[in-house]
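# Understanding the architecture of this molecule
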Amino acid sequence: MTRKIYTITAAALMLPAVFSGCTQNDILYDVDYNVTFDPSNTYLAGDPVKFNFTGEVDNILFYSGETGSEYRYRDRYTIPVEEVTKATLRLDVISRYGSYAGGLDVYYTDKFSGLDRNDPEADRATIASMSGDMAAAGWIKAEVWTEDRPEQNSETPVSVEIPVTDLKENFCLAFHWHPTQGEDKKNAQRTYWVNGSLIVETQNFGTLETDLDEFLYTTVMMNGEIPVDSTYNNNRGDGSIRFDDDSADIKFQGIAGGKLDYDIDGWCISVPMSMNSIQNDKGTVIKNMQNYMTSYSYTYEKPGTYQAVFVGRNSNYIGASEEIRQLQVTVLSRLELPGD
């Protein structure tokens with residue numbers, strides 16, 4: 001791939017750019033491509049900034065320069081862990097069906113190195129060794145239900161927020177699902193719907209929120225009645241831990257009484273992670289081969305200086321060519337207008 005980078009400021013004269021481009025007759029053509037500011041721009045917060053295009057290019061990707069859309073961070077997936085100033089685990093739990101409460105426990109820690117994920121016997125042994133005394137193994141139990149907030153068969157979620165800032169370097173979340181149908185095996189084993197997110201506040205990168213369904217989990221069924229090769233049992237209907245239901249990030253799907261000869265004993269444990277993970281900054285596709293455009297307008301809502309970047313690219317099976325055009329945009333508030 002060939003690549004060229006040009007930088008322009010709003011106060012500077014526009015330099016010509018040569019972009020690569022279009023595919024025809026098995027040839028990769030270079031593109032004569034230029035970006036300039038529209039003379040009518042006011043550069044005020046809330047007013048659109050118009051960029052004019054000339055020349056030829058197949059595809060254009062636009063980075064506004066705002067937080068979350070900076071070209072320099074397109075390949076960044078972590079930030080310094082010291083940037084994390086606060087972290088909160090939010091859980092919304094609904095318990096449904098079944099007569100027996102107390103069938104779901106939630107734990108969190110930074111002392112767990114993770115499961116093997118490929119050796120069911122080893123993972124069963126790891127869980128068995130720590131489940132006898134979770135506190136001694138370094139796990140903290142989340143107080144989802146309390147005397148003032150008892151567990152009920154309801155359609156209304158119980159919501160809790162748990163501070164987890166001190167666990168930012170190796171956070172792990174575990175759910176122990178152990179419903180019962182009673183000795184007479186006549187009652188349904190209870191279903192639980194769990195939604196939530198991990199909310200991480202940082203010094204310079206805003207607030208990062210990861211939904212529970214974006215975590216990577218291992219599910220382990222501990223019941224001796226379940227064959228070892230079915231230990232990692234999920235998304236298998238009633239009596240399983242599911243991630244394929246729109247009603248919940250994680251659904252612990254119960255089962256009617258008498259359907260099983262045993263009470264379920266299942267675990268859902270996340271892969272330990274550092275909270276300094278971050279989504280790479282994204283650009284917006286503003287042009288592809290199907291649309292012709294001579295201008296593009298974007299509105300900056302807040303005053304500031306932004307590095308707007310346009311990535312022009314053409315490619316086919318022969319190869320690819322890319323050129324980058326950078327324009328510095330200084331956006332003022334109306335209170336900063338000269339003479340005001």
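Look above for the structure.
The sections below set out a description of the structure shown in this document. Here the structure is a predicted model, which is why all the values come from computation and not from measurement.

## Here's the deal with the pairing of strand E7 (residues 104-109)
With six of its six residues buried, E7 lies for the most part within the structure. The two faces of E7 match: Leu104, Val106 and Tyr108 on one face and Asp105, Tyr107 and Thr109 on the other face are all buried. Examined bridge by bridge, E7 and strand E10 (residues 172-177) share six bridges and lie antiparallel to one another. What sits directly across from Thr109, in E10, is Cys172. With two bridges connecting them, E7 and strand E8 (residues 140-141) associate as antiparallel partners. Its bridge partner being in E8, Tyr108 is matched across the sheet by Ile140.

## Some details on the pattern of salt bridges
This structure, assessed with the given rule, holds 14 salt bridges. One salt bridge in this structure joins Arg74 and Asp75, with 3.9 Å as the shortest N-O distance. A residue is classified by how much of its surface remains accessible, and Arg74, at 23% relative accessible area, is partly exposed. Assessed through its relative accessible area of 59%, Asp75 is described here as exposed. The partner of Glu151 in a salt bridge is Arg190, with the nearest N and O atoms 2.9 Å apart. Here Glu151 is found in the loop between E8 and strand E9 (158-163), whereas its partner Arg190 is found in the loop between E10 and strand E11 (191-202), with 39 residues between them in sequence. Overall, the relative accessible area of 16% leaves Glu151 in the buried class. It is possible to trace a salt-bridge network through shared partners that takes in Arg90, Asp92 and Glu209.

## Some words on helix H1 (residues 120-131)
With 12 residues, H1 should cover 16 Å at 1.5 Å per step; its first-to-last C-alpha distance of 16 Å lies within 8% of that length. The complete set of buried residues in H1 reads Pro120, Asp123, Arg124, Ile127 and Met130. Along the axis of H1, the buried positions cluster into a sector of 140°, meaning they face one direction only. Residues of H1 that are exposed and angled more than 90 degrees away from the buried face: Glu121 and Ser129. Buried residues in H1 make contact with strand E13 (217-221) and strand E16 (266-270).

## Some remarks on the environment of Glu322
As for its placement among the helices and strands, Glu322 is situated in strand E20 (residues 319-331). In sequence terms Glu322 and Val57 are 265 residues apart; their C-alpha atoms lie 9.8 Å from each other. Side-chain polar atoms of Glu322 contact the side chain of Arg313, separated by 3.4 Å.

## Examining the nonpolar core
Counting residues in each nonpolar core, the largest one holds 43 residues, and the members touching the most others are Phe171, Phe175 and Phe252. At the level of elements, strand E6 (84-96), E7, E9, E10, E11, E13 and strand E15 (250-253) are the ones that each hand at least two residues to this core. Sort the elements by how many residues they give to this core and E6 lands first, with five residues. Beyond its immediate stretch of four places on either side in the chain, Phe252 contacts Leu104, Phe175, Trp177, Arg190, Thr191, Tyr192, Val194, Ser240, Ile241 and Cys268. Counting 21 residues, the second-largest nonpolar core is a separate cluster that includes Tyr33, Val35, Ala45 and Val49.

## A short note on the environment of Ala248
You can see Ala248 is positioned in the loop between strand E14 (240-242) and E15. When the C-alpha positions of Ala248 and Asn195 are compared, they lie 5.4 Å apart, and in sequence the two are 53 residues distant. Setting aside residues up to four positions removed in sequence, Ala248 forms contacts with Trp193, Val194 and Asn195.

## Describing the sheet that holds E16
Ordered by their spatial adjacency, five strands build an open sheet running E8-E7-E10-E16-E13, and the pairing between neighbours is antiparallel. Looking at strand neighbours, the two that pair on one side only are E8 and E13, the edges of this open sheet. Pairing of E13 with E16 involves five bridges; the strand directions are antiparallel. Residue pairing in the sheet places Thr219 in a bridge with Cys268 of E16.

## Concerning the packing of aromatic side chains
Applying the stated criterion across every chain yields a total of 18 aromatic pairs. Measuring from centroid to centroid gives 5.0 Å for Phe51 and Phe310, while their planes differ by 70°, and the two rings are edge-to-face. Here Phe310 lies in strand E19 (residues 304-316) and Phe51 lies in strand E4 (residues 48-55), a separation of 259 residues in the sequence. When the centroid spacing of 5.7 Å and the interplanar angle of 50° are considered together, the rings of Phe175 and Phe252 count as tilted. Taken together, the positions of Phe175 in strand E10 and Phe252 in strand E15 put the pair 77 residues apart, joining distant regions of the chain. Of the two residues, Phe175 and Phe252, both sit in the buried class. Through pairs of rings, three or more aromatic residues link up here, namely Phe37, Tyr43, Phe51, Phe53, Phe62, Tyr296, Tyr298, Tyr300, Tyr306 and Phe310.

Calculation notes
- Residues numbered from 1 in each chain as written.
- Predicted model: local features only at pLDDT ≥ 70, side-chain atom pairs only at ≥ 80, totals over all residues.
- Heavy atoms only, no water.
- Buried < 20%, exposed > 50% of the residue type's maximum accessible area, 1.4 Å probe, protein only.
- Helix = DSSP H or I, 4+ residues; strand = E, 2+ residues; numbered from the N terminus.
- Pairing = 2+ DSSP bridges.
- Salt bridge = Lys/Arg side-chain N within 4 Å of Asp/Glu carboxyl O.
- Expected span 1.5 Å × (residues − 1).
- Arc of directions from axis to C-beta.
- Contact = heavy atoms within 4.5 Å.
- Polar contact = N/O pair within 3.5 Å; in protein donor to acceptor, adjacent residues only side chain to side chain.
- Core = buried A, V, L, I, M, F, W, Y, C linked by side-chain atoms within 4.5 Å.
- Phe/Tyr/Trp six-rings, centres within 6.5 Å; stacked < 30°, edge-to-face > 60°.

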